[in-house]
Amino acid sequence: MRISDLILHPIAIADPPLRSSYGLHAPFALRTVVELKTDSGLTGIAETYGGDGPVAALESVRPQVVGMDPFQLSSLFRAMTADVPSRQGDRSQTYLVPGENPLDRHTRTFAAIEIACLDLIGKAVGKPVCDLLGGRVRDCVSFSAYLFYKHGGGGGIGEDAREDEYGEVLDAAAAVRECRQMIARYGFREIKLKGGVLPPEVEIETIRALRREFGAAYPLRIDPNCAWSVETSVLVGRALKDELSGGGYLEDPCATLEGMGEVRRRLLNESNETPLASNVAVTCFDDVPAAQARDAVQIVLSDPHYWGGVRNMQYLSHLTEVLGMGMSMHSNSHLGVSLMAMTHAAAACSNLTYACDTHYPWQTERDEVVTGGRIHFDNGGVRIPAQPGLGVELDYDQLARGRERYSKIPYRKRDDEAEMQKHVDPNWKRILPRW
Ligand code: GKR
Ligand code: MG
């Protein structure tokens, strides 16, 4: 079996005005759907970051990909990373908007090709992707309710405007309502709040209100994406000691491994064992032992899209297990192809100690590109389908609609700061730490 063609579909999907320390989500998020065709008539698919940068990076590997045997992934990875001095070059989630860091070209680009190749291999041998990796440790992968503060609006523009399912969410009571709705619809059993948006007192109150409403059976995590100083991080960690313990965590409260290590040390001195998680300070394999040595991060946030694919997620699971660390999963705005890649990856990782993140509830049926519509959640989890490969196929009419939306919008990269200036505050800047 040889790859005979690489087809890239840049698409735009409606995205509500969600807030984070990066700023504001634009009305459309950008994604790229990748197709690999083979001489045997099979098609393998993947979904990755969108816009000019990721598309150009994928285009640049066309000569290496077309003609290759999809089973030979290790040599492709070696060829694609030959000019990277060390694995330290493969960084994705720095302080730039995720997916927009030019340095992480290799792992992101490779991941998209790897996932499409695994889909092909699965189809060729009649097995689901997770069963190509030594088999699954779970049939159903749990996800968390990913809450955002947001402005009113469901995303999209004009005829592509989407219904605003959750309304404006800019205080604790509205966040509880958002969570209630999300849990009623998807059945999630863990809760994540994207913080770093409102003053820390309001975010503390939001977490407390969520605990009062849902009880200790629903572990809580909060992620301000480095919006807090070390001092504020300690203050919040202290205030939320009870709420974040027992299966929850404090995610990227402040920047750098040094800062995270300092927060950890000070909390431990107060007998506060709230674990710290990261997808900002730890973004590549080189970072993991360094984070562990400083005790700066106890939970590494994986993600097949930027850690170099599904197989690298499995390596990360082994590495974190050996180092005595936990592992959970990060996400960015995505559709069903990505959700299935995340689900297969998670199913094959033994050291996955928390429900994974997903932005999936923020997208709608009208933007989904897999046949049969939205992926079904069962008690907050996604089941591994019986079909081979990722278990989903492309709906080409929907894909064409996504491409058309892409062709109509003026921007080709995510810029949450610019969106914030356009729609909320013309003087807004991403300041770290803000509090
Ligand atoms: O969607 O605005 C967002 C998030 O802030 C996302 O970009 C982050 O990468 O979800 C992510 C995280 O956990 O940091
Ligand atoms: Mg995060």
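Values in this document were obtained by computation on a predicted structure and should not be read as measured data.

A. Quick peek at the coordination of the magnesium ion (ligand 2). Ligation of the magnesium ion (ligand 2) by protein atoms is provided by Asp223 (OD), Glu251 (OE) and Asn279 (OD1), these donors lying 2.0 to 2.2 Å from the ion. Along the chain, the residues that donate to the magnesium ion (ligand 2) are spaced as D-x27-E-x27-N. Remark: Glu251 occurs in strand E10 (residues 249-251) and Asp223 occurs in strand E9 (residues 220-223); sequence separation between them is 28 residues. Given a relative accessible area of 1%, Asp223 falls into the buried group.

B. A look at unusual backbone geometry. For the bond running from Leu432 to Pro433, omega is -10 degrees, close enough to zero to count as cis. Tracing the chain through its elements places Pro433 in the segment after helix H14 (416-423). Of note, the phi angle at Cys226 is positive, near 70 degrees, even though the residue is not glycine. Although it is not a glycine, Thr256 sits at a positive phi angle of roughly 70 degrees. Tracing the backbone shows Thr256 in the loop between E10 and helix H9 (257-269).

C. Focus on the site of ligand 1. Inspection of the region around ligand 1 gives 18 residues, with His25, Tyr146, Asn225, His330 and His359 positioned closest. Between ligand 1 and the protein, one listed contact pairs an oxygen atom with a side-chain N or O atom of Tyr146 at 2.4 Å. Contact distances for ligand 1 include 3.1 Å between an oxygen atom and a side-chain N or O atom of Arg414. Within the complex, the protein chains bury 100% of what would otherwise be the 350 Å² of accessible surface of ligand 1. Elements with a minimum of two residues in the shell around ligand 1: strand E7 (145-148) and strand E8 (191-194).

D. The arrangement of the environment of Pro426 in detail. The topology assignment puts Pro426 in the segment after H14. Put simply, Pro426 and Gly237 are 189 residues apart on the chain and 32 Å apart in space, counted from C-alpha to C-alpha.

E. Looking closely at the pattern of salt bridges. What the rule picks out here adds up to 33 salt bridges. With its nearest N and O atoms 3.1 Å apart, the salt bridge here joins Asp367 to Arg405. Residue Asp367 is found in the loop between helix H12 (336-347) and strand E14 (381-383), and its partner Arg405 is found in helix H13 (residues 396-408); the two are separated by 38 residues along the sequence. For the pair Asp367 and Arg405, one class covers both residues: buried.

F. Structural view of the sheet that holds E9. Strand order in the open sheet formed by seven strands is E7-E8-E9-E10-E11-E12-E13, and the pairing between neighbours is parallel. Looking at which strands have only one partner, the edges of the open sheet turn out to be E7 and strand E13 (326-329). Averaged over all pairs of adjacent strands, the angle between their axes in this sheet comes to 25 degrees, without regard to strand direction. The pairing of E9 with E10 spans two bridges and is classified as parallel. By the bridge assignment, Arg221 is partnered in E10 with Tyr249.

G. Highlighting a nonpolar patch on the surface. There is a patch of nonpolar side chains on the surface, built from Met1, Phe71 and Val125 and spanning about 260 Å² of accessible area. Position of Phe71 relative to the elements: it lies in the loop between helix H2 (62-65) and helix H3 (73-80).

H. A look at the packing of aromatic side chains. Under the definition given, this model contains 13 aromatic pairs. Taking 4.6 Å as the distance between ring centres and 25 degrees as the angle between the ring planes, the aromatic pair formed by Tyr146 and Phe148 counts as stacked. The residues Tyr146 and Phe148 share a single accessibility class, namely buried. For the ring pair Tyr186 and Phe377, a centre distance of 5.3 Å and an interplane angle of 85 degrees mean the geometry is edge-to-face. Of this pair, Tyr186 sits in helix H5 (residues 172-186) while Phe377 is found in the loop between H12 and E14, placing the two residues 191 residues apart along the sequence. The same class applies to Tyr186 as to Phe377, namely buried.

I. View of the pairing of E9. Where burial is concerned, the two faces of E9 agree: the one with Leu220 and Ile222 and the one with Arg221 and Asp223 are both buried. Sheet analysis places E8 next to E9, joined by four bridges and oriented parallel. Within E9, the residue paired with Leu193 across the bridge is Ile222. Read as a crossover between parallel neighbours, the route from E8 over helix H6 (residues 200-214) to E9 is right-handed.

Reading the values: the criteria
Residues numbered from 1 in each chain as written. Chains lettered and ligands numbered in written order. Predicted model: local features only at pLDDT ≥ 70, side-chain atom pairs only at ≥ 80, totals over all residues. Heavy atoms only, no water. Donors = N, O, S within 2.8 Å, 3.2 Å for Na, K, Ca; no water. Helix = DSSP H or I, 4+ residues; strand = E, 2+ residues; numbered from the N terminus. Buried < 20%, exposed > 50% of the residue type's maximum accessible area, 1.4 Å probe, protein only. Near = heavy atom within 4 Å. Polar contact = N/O pair within 3.5 Å; in protein donor to acceptor, adjacent residues only side chain to side chain. Areas by Shrake-Rupley, 256 points an atom, 1.4 Å probe, with all protein chains shown as cover. Salt bridge = Lys/Arg side-chain N within 4 Å of Asp/Glu carboxyl O. Pairing = 2+ DSSP bridges. Axes fitted to C-alpha atoms, helices over the stretch in contact; angles between N-to-C directions. Patch = residues over 30% accessible without salt bridge, like charges linked within 9 Å, V, L, I, M, F, W, Y side chains within 5 Å. Phe/Tyr/Trp six-rings, centres within 6.5 Å; stacked < 30°, edge-to-face > 60°. Right-handed = clockwise from strand over helix to strand, strands pointing away.

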